[in-house]
Every structure is written in C-alpha cells, then in structure tokens.
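Survey of secondary and tertiary structure
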Amino acid sequence: MKQIKNKKLRVLLADDEILFRDVIRDRLNLEKGIEVVGVVGNGLEVLAKIKVLKPDVVLMDINIPGLNGIEVTRKIRQVFPKIQVLMLSAYTDELHVMRSVQAGAYGYISKQLPGAELVRALKTFAEQGTMIPQPIMQKAMLRLKLSKQLFGTPLGDLTQSQMDVLSLLGEGKSNQEIAGMLGCNIKTVKNHLNIL
C-alpha cells in the first residue's frame, strides 16, 4: 500500500488496554503523515468502526475481547479487502506471526518497540505494504522449513511461489525487491501474502 502523496495514513487502533492505546494514539497523531481516526477496545467494535471510519490500516492487538485480533483480521480480509491489518502484539513467537499472516495480516510488530521505531515501522508498512521484523520472520521461516521436513508440506498447501515470497521476506527483502527477484509485480507479491 503506497501512501498517496500529501494524504495522511488513516489508522484505526484496536487494543483493550486503555492506557496503551491512548499513548500510542497520542504518539502517532504527532506525526504529519499519520492520523488515528479511532480507537476501539474489542473485536466487534473494530468491524463496526471500519464501516464508518474507513481507515487505511487497522493496528490490531491479538488479545482483544469479543473476537480476537486474528479472527477479526480474517473477517476484515473477507469483507473489507482493501483495508490492511498490521498486528501490534506482545507475542513475538513464530506461531502467532504465521497465524496472523494466514488470517490476512500484512505485518506484525512488537509492542516492545520504542515509540519512534513504531512510527518508523508504520511508515515502512505504508510504503512497502508489509512489515514483519527480520528476527521474527526468520523464526517463522525456520518453523516452515521444519514443518516441510517433518510433514512434507509447510502449513498445508503453500505453493512454491508463496514459499519463495515468504523466504525472501524472511531475508528482510521489501515487496519491491521480492518482485524484482521473482520477476513479477508488487501486486502479485501482495496477493501471495494475502493468500497465506
């Protein structure tokens, strides 16, 4: 998702911890290119607010009441496919990352990031369309490789193209770099990530 020139990135923040989401909202609203259009505390609210607020990105916690962040992400991908989800979670294990990506999240970042790094990650996400820090992605790729060795197929039925995209993402490549290396366009790369 490339940010349109002179257009603010509209963010809906979903987290059940009131203090945390207020701090994040205030920090993000200090940035010229970002506008937090709403904050919500549970999964059902996310779906209701998306219809009204029409954000570009939902910054989503996994552990929210009602529907959890992964379930909400799956529903967003089905009903609002143009809205992108960036997980913001305390979990940094590969299982949560892969479940989030499988549900349709385009990125995954840790709540332990300092504020400036969170802003940088969100801006990178807006520019490149994905954001999974390399150490987390490397763990996820190791899990995929182990799954392939044990069961013959990683995460069910991933195609070779999907595996190639994930592998390059695990090496820290951007969507643009992945498209160039695989000889396809950025939309194809994003489509592969969306299917996972």
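Refer to the structure presented above.
Residues numbered from 1 in each chain as written. Predicted model: local features only at pLDDT ≥ 70, side-chain atom pairs only at ≥ 80, totals over all residues. Heavy atoms only, no water.

1. Points about the overall build of the chain
The helix and strand tally for the chain stands at nine helices and five strands. In the chain, the succession of helices and strands from N to C terminus is β-α-β-α-β-α-β-α-β-α-α-α-α-α. Per-residue burial over the chain gives 49% buried out of 196 residues. If you sum the accessible surface of the chain, you get close to 9,800 Å²; carbon and sulfur atoms cover 54% of it. (Helix = DSSP H or I, 4+ residues; strand = E, 2+ residues; numbered from the N terminus. Buried < 20%, exposed > 50% of the residue type's maximum accessible area, 1.4 Å probe, protein only. Areas by Shrake-Rupley, 256 points an atom, 1.4 Å probe, with all protein chains shown as cover.)

2. Brief notes about the nonpolar core
Counting residues in hydrophobic clusters, the biggest one holds 25 residues, and the most contacted among them are Val-46, Ile-50, Val-58, Met-60, Ile-76 and Met-87. Mapped by element, the contributors of at least two residues to this core are strand E1 (9-14), strand E2 (34-40), helix H2 (43-53), strand E3 (57-60), helix H3 (69-79), strand E4 (84-89) and helix H4 (94-103). Looking at which element gives the most residues to this core, the answer is H2, with four residues. With residues up to four places along the chain from it excluded, the contact list for Ile-76 reads Val-46, Leu-47, Ile-50, Val-58, Met-60, Pro-81, Ile-83 and Val-85. (Core = buried A, V, L, I, M, F, W, Y, C linked by side-chain atoms within 4.5 Å. Contact = heavy atoms within 4.5 Å.)

3. With respect to the sheet that holds E3
In space, the five strands of this open sheet follow the order E2-E1-E3-E4-E5, with parallel pairing throughout. Either end of the sheet is taken by a strand with one partner, and the two such strands are E2 and strand E5 (107-110). Put simply, the sheet's adjacent strands are angled 25 degrees from each other on average, direction ignored. Sheet topology note: the E4/E5 ladder contains four bridges and is parallel. Along E5, the bridge assignment pairs Leu-86 with Gly-107. Strands E1, E2 and E3 of the sheet are contacted by H2, whose axis makes an angle of about 160 degrees with E1. (Pairing = 2+ DSSP bridges. Axes fitted to C-alpha atoms, helices over the stretch in contact; angles between N-to-C directions.)

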